[in-house]
Amino acid sequence: MLQKTIASSVSLEGIGVHNGKTCCIKILPAPEDHGIIFARTDLDGNNIIPANYKNVSGTTMCTMLSNEFGASVSVVEHLCAALYGLGVSNALVNVDGNEIPILDGSSEIFVREIMSVGLKEQSKAQKILKIEETVRVENGKKWSSLSPADRFEINLSCDFTKKGLKTTPFSYVFFQDDFSRKIAPARTFGFLEDVEYIRKNNFASGSSLENTVVFDSQGCVINESPLRFENEPIRHKILDIIGDLSLSQYLIIGRYDGFCSGHELNNMLLKKLLGHKS
Ligand SMILES: [Zn+2]
């Protein structure tokens, strides 16, 4: 499979879900072996932040990347998932603030805008990471693993029963399932009972019912707009996993299994996997 970039640049504007500020991004085509790189255009220098798992500097409620000079960009996961899900290995993302806009809380708008200009196949092959032996990480009851398989698939279970939400396990298979339709539209979600804690800790000041699906204690949606899928939360968790695993900078051939895994475990998994000799 060949590396791809976008055929021409795409610009988007929106608010940051955590800082509440408007910011603009411009996604530009990039040469082979460039990878996905963020550039903070509001900073004078030392502003380049590669989308690499080693640069993950925060995993609370989103994935944050920082470079060695302390420049950071957060909420990268939905854009990274869109790029990875569409098979884009090379792009430069200019951003004029420290957060990628949340837009509608999913990857759908990124996918739509990227596909409106189209993709360009390049001449070099994609870098492949074939899982040869199982790597597993855990944190309390939560865990995730990557095991050998002949394709890239993600199998996730979650337990939101305490939050009044029933969830059945869900799977996504790369190249077999349509990322744009099955995963990209699934929005960020939260629970009404957590809103006070989140706001007190200065997260999600830009969140609203426009970009977050909110469930009450009975598991009912308080947004006026209906769920896009009956199991939208677990699909969004898979979207986040795709964004986080994209930071490996490889096309993964292996099987991801997880239980309640999130940004922190995903990063621990890549660190363990890529720190592994074989
Ligand atoms: Zn997310």
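As the structure is a computational prediction, the values presented were derived from the model and not from experiment. Within each chain, residues carry numbers counting from 1 in the order of the written sequence. In view of the model being predicted, local features appear only for residues whose pLDDT reaches at least 70, and side-chain atom pairs are presented and counted only at 80 or more, with totals across whole chains, interfaces and linings using the full set of residues. Water and hydrogen atoms play no part in the side-chain values, which are based on all heavy atoms of the structure.

**Description of the packing of helix H1 (residues 77–85) against helix H5 (residues 232–245)**
Axis definition: a line fitted to C-alpha atoms, limited for helices to the stretch in contact. Angles are taken between N-to-C directions and run from 0 to 180 degrees. Starting at the N terminus, helices and strands are each numbered in turn, a helix being any DSSP run of H or I of at least four residues and a strand any DSSP run of E of at least two. As a packed pair, H1 and H5 sit with axes 7 Å apart at the nearest point and diverge in direction by 80°. Between H1 and H5, the interaxial angle falls into the category roughly perpendicular. Together, Glu 77, His 78, Cys 80, Ala 81, Tyr 84 and Gly 85 of H1 and His 236, Leu 239, Asp 240, Ile 242, Gly 243 and Asp 244 of H5 make up the contact between the two elements. Taken together, the residues of the contact of H1 with H5 break down into 5 nonpolar, 4 polar and 3 charged. Here is the rule for angles: anything less than 35 degrees is roughly parallel, anything more than 145 is roughly antiparallel, 65 through 115 is roughly perpendicular, and the remaining ranges are oblique. Residue contacts are defined here by distance: any two heavy atoms, one from each residue, within 4.5 Å place the two residues in contact. Residues are grouped as follows: nonpolar covers Ala, Val, Leu, Ile, Met, Phe, Trp, Tyr, Cys and Pro; charged covers Asp, Glu, Lys and Arg; every other residue, Gly included, is treated as polar.

**Some remarks on the coordination of the zinc ion**
Taken together, the protein ligands of the zinc ion are His 78 (NE2), His 236 (NE2), Asp 240 (OD) and Asp 240 (OD), with distances of 2.1 to 2.7 Å. Taken together, the 4 donor atoms surrounding the zinc ion define angles of 53 to 150° at the centre, an arrangement classified as irregular. Coordination here is defined by N, O and S atoms within 2.8 Å of the metal (3.2 Å for Na, K and Ca), and since water is not considered, a site can look incomplete. For the zinc ion, all donor residues lie on one chain, and their spacing in sequence is H-x157-H-x3-D. Placement of the pair is His 78 in helix H1 and Asp 240 in helix H5, with a sequence separation of 162 residues. Given the relative accessible area of 4%, His 78 is considered buried. Square planar and octahedral assignments, for four and six donors respectively, both demand that opposite donors be over 155 degrees apart and that all other angles lie between 65 and 115; tetrahedral needs four donors with all angles between 85 and 135 degrees, and anything else is irregular. Each residue gets one of three labels from its accessible area relative to the maximum for its type: buried under 20%, exposed over 50%, partly exposed in between, using a 1.4 Å probe on protein chains only.

**A few points about helix H2 (residues 108–117)**
It helps to recall that an α-helix has 3.6 residues per turn; residues three or four apart then point in one direction. Taken together, the buried positions of H2 are occupied by Ile 109, Phe 110, Val 111 and Ile 114. Contacts made by the buried residues of H2 are with strand E1 (2–6), strand E2 (10–15), strand E3 (22–29), H1, strand E10 (119–125) and helix H3 (179–182). Positive backbone phi, approximately 90°, marks Gly 118, located one or two places after H2.

**What about the domain arrangement of the protein?**
These domain boundaries are the output of an automatic or database domain assignment. One can read the domain layout of the protein as domain 1 (2–126) and domain 2 (129–274). One C-alpha centre belongs to domain 1, the other to domain 2, and the line joining them spans 19 Å. At the junction of the two partners, domain 1 supplies 33 residues and domain 2 supplies 38 residues. Summed over both partners, the interface of domain 1 with domain 2 comes to about 2,800 Å²; 62% of that surface belongs to carbon and sulfur atoms. Breaking the side of domain 1 that touches domain 2 down by element, the ones donating at least two residues are H1 and H2. What counts as buried area is the accessible surface, traced by a 1.4 Å probe, that two parts surrender upon association, with contributions from both included.

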